[in-house]
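A structural walkthrough
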Amino acid sequence: MQPQFAIIEPNILTGIGLQAILEDIIPGAEIKLLQTFEEVESLETNQFVHFFVSSRIYFEHTQFFRQQSARSIVLVNGDMTISGVKTINICQEEKQFVRDILALNRNQHGPHGNMPMLSHSHKPSELILSPREIEVALLLSKGCINKEVADRLNISLATVISHRKNIMDKLHARSLADIIVYVVMNGLADVSEL
């Protein structure tokens, strides 16, 4: 059975963006995009591993989400914290947002310290990148620009650009965040190193 997640977000663009990121991080997961709390009430809520809920809807229905606190992640604007609740800042670069989601997996609850969100995800597949492409991907994931990668690996800038294009093609990546997800999910680096 594939894991199911609910995104409860009135802003459809924010919801679609989060849905795309989660689909990259958790291949095979079913992610329901809901815009109102009434849509949540119409579903069997026990089926969801996690609720990603807008802060507005969270505060309007605090009692429900407090009862689901182990499964609720509140989407906040900025560095807002809510006592006893997991939050994630949706107003940041995609790269940092992915890091924060992966950090939730590493640091949060669940059996044996694993957050159920990613415990159902695919096992690291056979690496599809060459050893040099892995080196380039790791440096890119750590925030290096193409010139820095070239200097550190003692290769030309054109070679770095070629490797970067090949990495993006092989991973079907749309952004650097997809490369970061690949690096972390395949055990090439820990999210704390990035």
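Provided above is the structure to which this section pertains.
Since the structure is predicted, the reported quantities are computational estimates derived from the model, not experimental observations.

What follows deals with the pairing of strand β4 (residues 72-76). Of all five residues in β4, five are buried; the element is thus mostly enclosed. Judged by which residues are buried, β4 turns out to be covered on both faces: Ser 72, Val 74 and Val 76 on one side and Ile 73 and Leu 75 on the other are all buried. Sheet topology places strand β3 (residues 48-54) next to β4; four bridges connect them, and they run parallel. The residue bridging Phe 52 from the neighbouring strand is Ile 73, located in β4.

Turning our attention to the pattern of salt bridges. Within this structure, the stated rule accounts for seven salt bridges. Between Arg 56 and Glu 60 there is a salt bridge whose closest N-O contact spans 3.4 Å. Here Arg 56 pairs with Glu 60, and both are found in helix α3 (residues 55-60), just four residues apart, close to one helical turn. Among the salt bridges present, the one from Asp 151 reaches Lys 147, with a minimum N-O distance of 3.2 Å. Here Asp 151 pairs with Lys 147, and both are found in helix α8 (residues 146-153), just four residues apart, close to one helical turn. Accessibility expressed as a relative area gives 51% for Asp 151, which makes it exposed. Residue Lys 147 is classed as partly exposed on the basis of its relative accessible area of 46%.

On to the side chain of Ser 54. Along the chain, the position of Ser 54 falls in strand β3. Polar contacts involving the side chain of Ser 54 include one to the main-chain amide nitrogen of Ile 57, which spans 3.2 Å. Those residues in contact with Ser 54 that lie beyond four places of it in its chain are Ile 8, Glu 9, Pro 10, Val 74 and Leu 75.

A word on helix α9 (residues 157-171). With 15 residues, α9 should cover 21 Å at 1.5 Å per step; its first-to-last C-alpha distance of 21 Å lies within 8% of that length. Looking only at α9, the buried set comprises Val 160, His 163, Ile 167 and Leu 171. Down the axis of α9, the sector holding all buried residues measures 65 degrees, keeping them to one side. Facing away from the buried surface of α9 by more than 90 degrees, the exposed residues are Ala 158 and Lys 165. Phi for His 172, located one or two positions after α9, is positive at around 55 degrees.

Cut-off values and rules
Residues numbered from 1 in each chain as written. Predicted model: local features only at pLDDT ≥ 70, side-chain atom pairs only at ≥ 80, totals over all residues. Heavy atoms only, no water. Buried < 20%, exposed > 50% of the residue type's maximum accessible area, 1.4 Å probe, protein only. Helix = DSSP H or I, 4+ residues; strand = E, 2+ residues; numbered from the N terminus. Pairing = 2+ DSSP bridges. Salt bridge = Lys/Arg side-chain N within 4 Å of Asp/Glu carboxyl O. Polar contact = N/O pair within 3.5 Å; in protein donor to acceptor, adjacent residues only side chain to side chain. Contact = heavy atoms within 4.5 Å. Expected span 1.5 Å × (residues − 1). Arc of directions from axis to C-beta.

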